[in-house]
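Here is what each chain is made of, one letter per residue.
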Amino acid sequence: MRPQRQPRLTILLLAGLLAACQQAPAPAPPPPSTTQNGYGTTERAFVELAIATDEQALKLLELTDRTELKENRAVELTELRKLLDAPYVNQHAGHDMPGMPTDAEIQLAATSPDAREQFVRTHLTESLEVVRSAAAAITHPPTAEVVRLMERHRTAELAAG
Amino acid sequence: MRKHLFHIAAVIGLIAAAFNVPVAAQGEPVRVAEFLAECPISHRLADDPIVLPNLAGASHFHDFFGNHSTNARSTQQSLEGQTGNCNPAADISSYWVPTLYRNNTAIAPTGVTFYYLGEGVNNPAAIQPTPYGLKIVAGNAKATGDADSIARWSCLHAGHVNPSKNFVTCPAGTMLETYLDFPQCWDGRNLDSADHKSHMSYPVAGGCPSSHPVSVPKLRMVLRYPVNGSTAGLRLASGTGQTMHGDFFNVWPRAEMERRVRNCLNVVIKCDHNGNHG
């Protein structure tokens, strides 16, 4: 680097002026992932996911005579919808989510009893894993209560075969 | 608009020349505002720290690039200070996309490039560094067809195959590739939003709208998959090719990002991995 020269100083001044003109406001700190024991981003994400999963599961279960499972999913959906703090939007339609039967699987289950049994079991085992993950992450008491209900349901349903 | 852009570039070039500031070593500098990071696949998880924060194993599968530590619990604080696999190593940002499958076999992309561009806005000199900690989701994971999709699939080394919003059949010896452009206008306040989208917007007529006035680098993701031939059995973890989406969690060290925006984008110059030119 050569010693400082006038033009270089001018450039620096110009650059400083430009930077000052273009200064963006400082970003707000990231919102906390959950407010203190409140209904935060993790709770909202879980509730939306659980509604999408249970709705797809009900379509699959409609093809079976598992009355208790159908009732349990319906009860869960009622409780989950009570937790929503904004109109429900299905963020996961068409996705290959753990525990969520896909439309293709439901279609196959309609004609194949073996596939039906397998998909019901996969729904139970995988969604139990998701619910257990939620149990470890969710602090909002009313949401945590629904999570515990879902865990009880799935554990009993798997035990019943 | 191109003329306008050229004009600005020319004026900057003239000022630089007048003050004997090296713009490029010799001859014409490449007039593309660009820097880049290449980040191969790092790991694969059923996690999504933006859409399903803290819910480990609750997502469809994603291929993660860059920061090695990314998982459902990742935050700005957890990511910083970690290492990644990008070239340049300075970029420890997190990037992820839904996993691609042929039937039930996952296929990892073998070429993964993140371009940071000054295009899309008429005034690249006004581009600000991407805010530290910014989260952006691009594309529509819920797309039900072409109309609500911005996905783009094409073939590397087979330009005659028309691009499509869904998978395309690439000739033998070529590769399936996908492009995704992230929104480049920021609301100036929020690093994320409830729908993970509304704090960002695409430019309108070459400028950032008043609702999202801060111009930031345009992130363009280009993925190349070792796939050609029939599209039968191809799917993303999120569904059809139209559901291609990408997530970006910016943890570029501030000084590295600022230097590149200043030296590459603001002055419309193509830079290398290290943010240098000519």
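What you are looking at is a predicted structure, and each value in this text was computed from that prediction instead of being measured. (Residues numbered from 1 in each chain as written. Chains lettered and ligands numbered in written order. Predicted model: local features only at pLDDT ≥ 70, side-chain atom pairs only at ≥ 80, totals over all residues.)

K.L.:
Explanation requested: the overall build of chain B in the structure shown.
P.N.:
Scanning chain B for helices and strands turns up three helices and 16 strands. Relative to its 278 residues, chain B shows a buried fraction of 47%. Sequence separation of at least 24 residues holds for 69% of the intrachain contacts in chain B that already meet a minimum separation of 6. (Helix = DSSP H or I, 4+ residues; strand = E, 2+ residues; numbered from the N terminus. Buried ≥ 20, exposed ≤ 12 C-beta atoms within 10 Å, placed from the backbone. Contact = placed C-beta atoms within 7 Å.)

K.L.:
Please clarify how the overall build of chain A should be interpreted in this entry.
P.N.:
On a plain count of helices and strands, chain A comes out with six helices and zero strands. In sequence order, the secondary structure elements of chain A are arranged as α-α-α-α-α-α. Restricting the contact set of chain A to residue pairs at least 6 apart, pairs at least 24 apart contribute 70%.

K.L.:
Please clarify how helix α3 (residues 67-83) of chain A should be interpreted in this entry.
P.N.:
Each α-helix turn comprises 3.6 residues. Residues three or four places apart therefore point the same way. Residue and element names in this part refer to chain A. With 17 residues, α3 extends 25 Å from end C-alpha to end C-alpha; this agrees with the ideal 24 Å at 1.5 Å per step. Every buried residue of α3 is accounted for by L69, N72, R73, E76 and L80. Buried residues in α3, looked at end-on, bunch into an arc of 95°, giving them a common side. Exposed residues lying more than 90 degrees from the buried face of α3 are T67, E71, T78, R81 and K82. In this structure, the buried residues of α3 make contact with α2 (41-61) and α6 (141-159). (Expected span 1.5 Å × (residues − 1). Arc of directions from axis to C-beta.)

K.L.:
Sorry if this is basic, but what is going on with the sheet that holds strand β4 (residues 94-98) of chain B here?
P.N.:
What holds strands together in a sheet is hydrogen bonding between their backbones, with the strands either parallel or antiparallel. Residues and elements named next belong to chain B. As summarised here, the arrangement of the five strands in space is β2-β3-β4-β16-β8, forming an open sheet in which the pairing is antiparallel. Looking at strand neighbours, the two that pair on one side only are β2 (41-45) and β8 (135-139), the edges of this open sheet. Taken pair by pair, the neighbouring strands of this sheet meet at an average axis angle of 20°, ignoring direction. Inspection of the sheet shows strand β3 (residues 62-66) paired to β4 by five bridges, in the antiparallel sense. Residue pairing across strands places F64 opposite W96, the latter belonging to β4. (Pairing = 2+ DSSP bridges. Axes fitted to C-alpha atoms, helices over the stretch in contact; angles between N-to-C directions.)

K.L.:
Would you explain the confidence of the model for chain B in this entry?
P.N.:
If pLDDT is low for a region, its predicted coordinates should not be looked at in detail. Residue and element names in this part refer to chain B. When pLDDT is averaged along chain B, the result is 91, and 89% of the positions lie at 70 or above. Below a pLDDT of 50 lies the segment residues 1-25, which in the model reaches 23 contacts outside its immediate sequence neighbourhood of four places, other chains included. At the level of chain-chain contacts, confidence expressed as ipTM amounts to 0.79, with global pTM at 0.84. (pLDDT = per-residue confidence, 0-100.)

K.L.:
Looking at this structure, how should I read the pairing of strand β16 (residues 245-249) of chain B?
P.N.:
Regular strands place side chains that alternate from one sheet face to the opposite one. Residue and element names in this part refer to chain B. In terms of residue burial, β16 counts as a mostly covered element, since five of its five residues are buried. Burial along β16 is two-sided: the face carrying H245, D247 and F249 and the face carrying G246 and F248 are both buried. Across three bridges, the pairing between β4 and β16 is antiparallel. In the sheet register, S94 faces β16, and the bridge partner there is F249. Where β8 lies against β16, five bridges are found, and the strand directions are antiparallel. Bridging from a neighbouring strand, I136 pairs with F248 of β16.

K.L.:
What is the right way to look at the packing of helix α4 (residues 103-111) of chain A against helix α5 (residues 113-137) of chain A in this model?
P.N.:
When two helices pack together, their arrangement is given by the angle between the helix axes and by the axis-to-axis distance. Residue and element names in this part refer to chain A. The N-to-C vectors of α4 and α5 enclose an angle of 135°; their axes lie 6 Å apart at closest approach. With respect to α5, the axis of α4 lies oblique. Here the hand of the crossing between α4 and α5 comes out left-handed. Mapping the contact onto sequence places E105, L108 and A109 in α4 and A115, R116 and F119 in α5. Each residue belonging to the contact of α4 with α5 can be placed in one class, and the counts come to four nonpolar, no polar and two charged. (Parallel < 35°, antiparallel > 145°, perpendicular 65-115°, else oblique. Left-handed = near helix turned anticlockwise from the far one by under 90°. Nonpolar A, V, L, I, M, F, W, Y, C, P; charged D, E, K, R; others polar.)

K.L.:
Explain the sheet that holds strand β15 (residues 234-236) of chain B to me, please; I cannot follow it from the model alone.
P.N.:
Residues and elements named next belong to chain B. In space, the three strands of this open sheet follow the order β6-β5-β15, with antiparallel pairing throughout. This sheet does not close on itself; its edge strands, each paired only once, are β6 (105-107) and β15. Neighbour-to-neighbour, the strand axes of the sheet open up by a mean angle of 35°, direction not taken into account. As paired elements, strand β5 (residues 100-102) and β6 share three bridges and run antiparallel to each other. Within β6, the position partnered with Y101 by the bridge is A106.

K.L.:
Looking at this structure, I do not really get the environment of E129 of chain A. What am I missing?
P.N.:
In this structure, E129 of chain A sits in helix α5. Judged by the 16 C-beta atoms lying within 10 Å of it, E129 of chain A falls in the partly exposed class. Separated by 22 residues in sequence, E129 of chain A and E151 of chain A have C-alpha atoms that sit 9.0 Å apart. If sequence neighbours within four positions are ignored, E129 of chain A has contacts with P98 of chain A together with G57 of chain B.

K.L.:
Mind showing me how you'd approach the packing of α5 of chain A against α6 of chain A here?
P.N.:
Residues and elements named next belong to chain A. For the pair α5 and α6, the least separation of the axes is 9 Å and the interaxial angle reads 150°. Taken together, the axes of α5 and α6 are roughly antiparallel relative to one another. Two packed elements cross with a definite hand, and for α5 against α6 that hand is left-handed. Contact residues: L124, T125, S127, L128, V131, R132, A134 and A135 in α5; V147, M150, E151, R154, T155, E157 and L158 in α6. Class assignment of the residues belonging to the contact of α5 with α6 gives a composition of eight nonpolar, three polar and four charged.

K.L.:
When you look at the nonpolar core in this model, what are you seeing that I'm missing?
P.N.:
Inside soluble globular proteins, nonpolar side chains tend to come together where they are buried. C39, Y95, F114, I136 and L176 of chain B are the most contacted members of the largest nonpolar core, which has 62 residues in total. Residue contacts for C39 of chain B: discarding those within four places in its chain leaves F65, G66, G84, N85, C86, Y95, V112 and F114 of chain B. If you look at the next biggest cluster of nonpolar residues, it comprises 23 residues, including A137, V146 and M150 of chain A together with L52 of chain B. (Core = buried A, V, L, I, M, F, W, Y, C linked by C-beta atoms within 7 Å.)

K.L.:
I'm lost on the confidence of the model for chain A in this one. Help?
P.N.:
All names here are of chain A. Counting all residues, the mean pLDDT for chain A is 85, and 78% of those residues have values of 70 or more. Mean pLDDT values over the elements of chain A span from 45, in helix α1 (residues 6-21), up to 98, in α3. Ignoring residues within four places in sequence, the model shows residues 1-24, a span with pLDDT below 50, making 12 contacts including any to other chains.

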